[in-house]
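Commentary on secondary and tertiary structure
The lines below spell out each chain.
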Amino acid sequence: MRGRQPRIVFFAMSALVATTFVATAPAGADPTKPTAPGSEGAHHADHASNHVRIKLTGSDMLDKVVAAGYDVEHGLTRVPDGIEGEAHVDAGQVAELKAMGVKILGENERFTWSDVADGGFRAAGARAAQPAQVTEANDATVRVVRADWFTTKGQGFLYVEARTTEGGQTNPIVLMQLENDSGVGTPFGSARTMSRFVDSGQYMFHRNLFKLDARPDQIKVTSSTGGVTTGKVSNWLEGAPPPLTDNPGYKSDFIDGYKHPQQLFSRAEEIARQYPDIAEIVYLPHKTNGYQRKAQATIGGTGQAAVVVSSAAWGHEGGNDVTVEFVERPGASLPLGVDVSGKAVRVLLAKDANGALASTAAQVAAALETQSQGLIDRAHPYRSNAGTGLVVPTSAPVALSDFLDQKRVGAPEGEVPRGEATIPVLRIGKHRDGRNPGVLIQAQDHAREWVPATTTLETAERLVHNYRTDQETKKIVQETDIFLVLSNNPDGANYSFYNYASQRKNLTNHCEDANADPDRRNSWGVDLNRNYRVGSGHDGYAGGSTVCTSGTYQGPEKLSEPESKNIVWLVEKYKNIKFMMSVHSNGGQLFWQPGAYIADGRVTTPRPPLGDEAFYWQSAGRILSQVKAYRETVVTPENVGGSSDVLYSSAGNVREDMYHTYGIYSFGWEVGGSIYNPATGNWQGGSFQPAWEGNPALVSGHSETMEYANGIMEMFRIAAEWGKDKKKPTSELVPGGGRYTGSVDVRFETSEPATIYYTTDGSRPTLESPRYQATEFREPGQVFRVTGTTTFRWFSVDASGNVEKGYDPEKNGRNYRSATVTIVK
């Protein structure tokens, strides 16, 4: 039970099989490529990286493209027949992507849901008339998963997911038709064909999103094989309470632009000094690699005679002062040698008996590693070359460089501190002694995502500035213990600000010789959100790469990186942390577990119990309602849920580890994403670094910062309420115990998000008893068809760990719930 003992969820619960009932359906980075062989000692400049829109056939192709080293992560959108997104590539790589089957889209070419009712089956030619037979509800082949009505910027939308038990059928493919009414008591109409969603070869559901001017009351879904069902329409993010920013005198809007890590960390430390009664700094123990690199050069072009040289010292500690020169001496039969004077390394090339040059690239590399007096610790042929070419003299000494002084256009003023970095965590709370539930906000795992950092800093400013004047903020600070990691990837973030804006990973280089030349420097590093232990790519889960230049490189082993080790250290030291939000951009999603799956069979990590799932959805509604309150940005329901269901498999992500290992409610948040543009009638996508002011109603870093700070503040309120929740849940078996003829369908209902443990074999229920489960993912609880007299015994546990009626499942109490369903034959 949460709050009382660690949750044990990483196992498969065996299904309960009884002779008297059965479960049935409910009733109602940038892999830069080599330049052409160039002149001696060329420090190959950063290749121009273009953003191109692409379309992939599905998750399998996504995995292949990412494994090949292409930077296509984030900003991805599920469309009915694949995945759309952006790739950061040069001209040569565009041709390679096309050869892999990737479609290159036009700049403004993107999938949009049709708002026109196409007539459904008749238009699709699936059948000449409506189905002649309608199945009974209890044997339904069609179920409504969700039907959500929402409004944004004056326009209404309906989003529907429905599932058919025959959805996996492919010959022929089962079609689904959707109709809606126009309000209570009006007829169904506007038939339209639904889009079939398949992921990793598995049928997920059918879905549609379209505009409507009037809110429907009900929908009807029909399959081409005759199944039919109806469902009520629910509100999505409608009628939410006002955000804290509406409170009289509330202070907000503190952030005036993007902030690099030095600015973020300096302000965090300043806040701790200014507000010592409610704030302090926790310094994480594992130092990062730092904004530093070895000095390098590729000498002799990129062919078999090329040699890649790396200094032993970091560039700023002397590596940038090293020069390497290949020298031809007069004479014949001369051995290969190396001469060192200060920081100048001269390679004395060998000659054969005829006086011809005789040193190969492989031989020169070996000599540099062993005879450079410690100045060179890595030398090798270029990439996969064997180094069989004969090395020619350089015209002058070649200076090694760490390339960190080569600033990108638009880089901030000033220099970045070199050397290892210590990450400070800003801790805010009146009582920082473990008594209150802790909330961990982790921003900028991915370096190029600048808005998450400003969003997190804005929440810090709101907390400390409103603590003494706003009662709701004071309650948050007094009843929660907040940990803010403003940038979990400061090295990569600095590289993104100063050198290469599209940098995603950290700056640790694990690449072997084939990828260690300086032309690859924008592709080095580890994707920190693939470096954790649960659902890891090292265990066969999809979405993490073993290729060191891939944008999702998972590292050489689990928790190989100091940044991920720090997060584990933090939650193990501060065991009161019960909530976590990993903030990313720019997909416009809010998700949780499961986050990864094994592609063969699409075997996901364990799904949360139904009670936790319901709590996630309830919390998501509250959080996203506060986002909407700022400028009517709506994160649509299709983008909310288990991340592997709404986005893709991301092996080794932090959320999975925090939830399954420590029982922490762990969200992933993709801020930004698509915003409805009423001027065009379309949804407009965002970017990792939108213009700070931009268009305040559409794409704007400032607006995204403010609206998503609203959402994080709401998460704090959820945590505060969770910590104070002592109310026990209640639950019912519906329609309840009693006498029924033939058979009856029953289900459990709870007064709040809660997990139910039950038995039907006469034993008392415990935490080891079967858990009440969803019919299928993203659906309500299962329905049991009872065909023989059965006694249900059960209890419920809510999200805060409160047990119904105070029942202790570990002792011999009898105050569990019980109901007997008597079947009269």
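**Some thoughts on the overall build of the chain**
In terms of regular secondary structure, the chain is built from 13 helices and 39 strands. Looking at the chain as a whole, 59% of its 825 residues are labelled buried. Total accessible area on the chain stands at roughly 30200 Å², and carbon and sulfur atoms take up 49% of it. Positive and negative charge centroids in the chain, built from 83 and 94 side chains respectively, lie 6 Å apart.

**Observations regarding the state of the cysteines**
The tally for this structure, following the rule as stated, stands at 1 disulfide. One disulfide bridge connects Cys511 with Cys548, the sulfur atoms lying 2.0 Å from each other. Taking the sign of the torsion about the S-S bond as the criterion, the disulfide between Cys511 and Cys548, at about 110°, is right-handed. Placement of the pair is Cys511 in the loop between helix H8 (490-498) and helix H9 (562-573) and Cys548 in the loop between H8 and H9, with a sequence separation of 37 residues. Per residue, the accessibility class of Cys511 equals that of Cys548, and both read buried.

**What about the packing of aromatic side chains?**
Across all of its chains, the model carries 34 aromatic pairs by this definition. Ring plane angle 75° and centroid distance 5.1 Å describe the contact between Tyr258 and Trp692, whose orientation is recorded as edge-to-face. Linking Tyr258 in the loop between strand E14 (234-235) and helix H4 (261-274) with Trp692 in the loop between strand E32 (682-684) and helix H13 (701-724), this pair joins segments that are 434 residues apart in sequence. Tyr258 sits in the buried class, given a relative accessible area of 17%. Overall, the relative accessible area of 11% leaves Trp692 in the buried class. With 5.2 Å between their ring centres and 55° between their planes, Phe748 and Trp794 make a pair best called tilted. Here Phe748 is found in strand E35 (residues 744-750), whereas its partner Trp794 is found in strand E38 (residues 790-798), with 46 residues between them in sequence. Relative accessible area serves as the criterion here: at 6%, Phe748 is assigned to the buried category.

**Some words on the sheet that holds strand E3 (residues 77-79)**
The 4 strands lie next to each other as E3-E4-E2-E5, forming an open sheet whose pairing is antiparallel. Whereas interior strands pair on both sides, the edge strands pair on one side only; in this sheet they are E3 and strand E5 (103-105). Each adjacent strand pair in this sheet contributes to an overall mean axis angle of 40°, direction not counted. Note that strand E2 (residues 50-56) and E5 share 3 bridges and pair antiparallel. Following the sheet pairing, Ile54 is matched in E5 by Ile104. On top of the sheet, helix H1 (residues 59-67) reaches E2, E3 and strand E4 (82-89); it is set at about 145° to E2, its chief contact.

**Description of the side chain of Arg631**
You can see Arg631 is positioned in helix H10 (residues 610-631). With near-sequence residues (within four places) excluded, Arg631 lies in contact with Lys153, Ile675, Asn695, Pro696, Ala697, Leu698, Val699, Ser700, Ser703, Glu704 and Glu707.

**Quick notes on the environment of Pro381**
Relative to the elements of secondary structure, Pro381 occurs in strand E21 (residues 376-381). Not counting the four nearest positions on each side in its chain, Pro381 is found in contact with Ala306, Val308, Ala362, Ala365, Ala386 and Gly387.

**Some thoughts on the environment of Val824**
Topologically, Val824 is positioned in strand E39 (residues 817-824). A sequence separation of 24 residues divides Val824 from Ser800, and the C-alpha atoms of the two residues are 40 Å apart. Beyond its immediate chain neighbours, meaning those up to four positions away, Val824 contacts Arg739, Tyr740, Thr741 and Gly742.

**Topic: the pairing of strand E24 (residues 438-443)**
By the criterion of burial, E24 is predominantly enclosed, with 6 of the 6 residues buried. What you see with E24 is no split at all: Gly438, Leu440 and Gln442 on one side and Val439, Ile441 and Ala443 on the other are buried throughout. Pairing analysis gives 5 bridges linking E24 to strand E25 (residues 481-485), with the strands arranged parallel. For Leu440, the partnering residue across the bridge sits in E25 and is Phe483. Both E24 and strand E26 (residues 577-592) contribute to a ladder of 6 bridges, which runs parallel. Bridge pairing in E26 links Val439 to Phe579.

**Examining the environment of Thr193**
Mapped onto the secondary structure, Thr193 falls in strand E9 (residues 189-193). In sequence terms Thr193 and Ser223 are 30 residues apart; their C-alpha atoms lie 9.8 Å from each other.

**Focus on the nonpolar core**
By size, the foremost hydrophobic cluster in this structure holds 101 residues, and its most contacted members are Trp669 and Phe716. Among the elements that make up this core, the one with the highest residue count is H13 (9 residues). Ignoring sequence-local partners within four residues, the contact set of Phe716 consists of Val439, Ile441, Thr459, Leu463, Ile476, Thr480, Ile482 and Leu484. Grouped together as the second largest cluster of nonpolar side chains are 24 residues, Ala361, Ala365, Ala367 and Leu368 included.

**What about helix H7 (residues 471-479)?**
Of all the residues in H7, the buried ones are Thr473, Ile476, Val477 and Glu479. Buried residues along H7 sit against helix H6 (451-466), E25 and H13.

**Comments concerning the packing of H4 against H6**
The geometry of H4 relative to H6 is characterised by a closest axis approach of 11 Å and an angle of 15° between their N-to-C directions. When the axes of H4 and H6 are compared, the pair comes out roughly parallel. Crossing of H4 against H6: the hand is left-handed. Between H4, through Leu264, Arg267 and Ile271, and H6, the contact on the second element is made entirely by Ala453, Leu457, Ala460, Glu461, Val464 and His465. Residues of the contact of H4 with H6, tallied by class, amount to 6 nonpolar, 1 polar and 2 charged.

**Things to note about the confidence of the model for the chain**
Averaged over the chain, the pLDDT score is 90; the fraction of residues at 70 or greater is 91%. Considering only residues more than four positions removed or in separate chains, one finds that residues 1-47, a stretch of pLDDT under 50, has 152 contacts. This stretch, residues 126-138, has a pLDDT under 50; its non-local contacts, to residues over four places away or in other chains, come to 27 contacts.

**Notes on the pattern of salt bridges**
This model, assessed by the stated rule, comprises 47 salt bridges. With a shortest N-O distance of 2.8 Å, Glu161 and Arg778 are connected by a salt bridge. With Glu161 in strand E7 (residues 155-164) and Arg778 in the loop between strand E36 (754-759) and strand E37 (783-786), the pair connects residues that are 617 residues apart, well separated along the chain. Here the two residues Glu161 and Arg778 agree in accessibility, since each one is buried. Asp481 is the partner of Arg427 in a salt bridge, and the nearest nitrogen-oxygen pair spans 2.6 Å. With Arg427 in strand E23 (residues 424-428) and Asp481 in strand E25, the pair connects residues that are 54 residues apart, well separated along the chain. In the salt-bridge network here, residues are joined through shared partners; they are Glu472, Arg622, Glu714, Arg717 and Glu721.

Calculation rules
Residues numbered from 1 in each chain as written. Predicted model: local features only at pLDDT ≥ 70, side-chain atom pairs only at ≥ 80, totals over all residues. Heavy atoms only, no water. Helix = DSSP H or I, 4+ residues; strand = E, 2+ residues; numbered from the N terminus. Buried < 20%, exposed > 50% of the residue type's maximum accessible area, 1.4 Å probe, protein only. Areas by Shrake-Rupley, 256 points an atom, 1.4 Å probe, with all protein chains shown as cover. Lys, Arg positive; Asp, Glu negative; His and termini not counted. Charge placed at Lys NZ, Arg CZ, Asp CG, Glu CD. Disulfide = S-S within 2.5 Å. Phe/Tyr/Trp six-rings, centres within 6.5 Å; stacked < 30°, edge-to-face > 60°. Pairing = 2+ DSSP bridges. Axes fitted to C-alpha atoms, helices over the stretch in contact; angles between N-to-C directions. Contact = heavy atoms within 4.5 Å. Core = buried A, V, L, I, M, F, W, Y, C linked by side-chain atoms within 4.5 Å. Parallel < 35°, antiparallel > 145°, perpendicular 65-115°, else oblique. Left-handed = near helix turned anticlockwise from the far one by under 90°. Nonpolar A, V, L, I, M, F, W, Y, C, P; charged D, E, K, R; others polar. pLDDT = per-residue confidence, 0-100. Salt bridge = Lys/Arg side-chain N within 4 Å of Asp/Glu carboxyl O.

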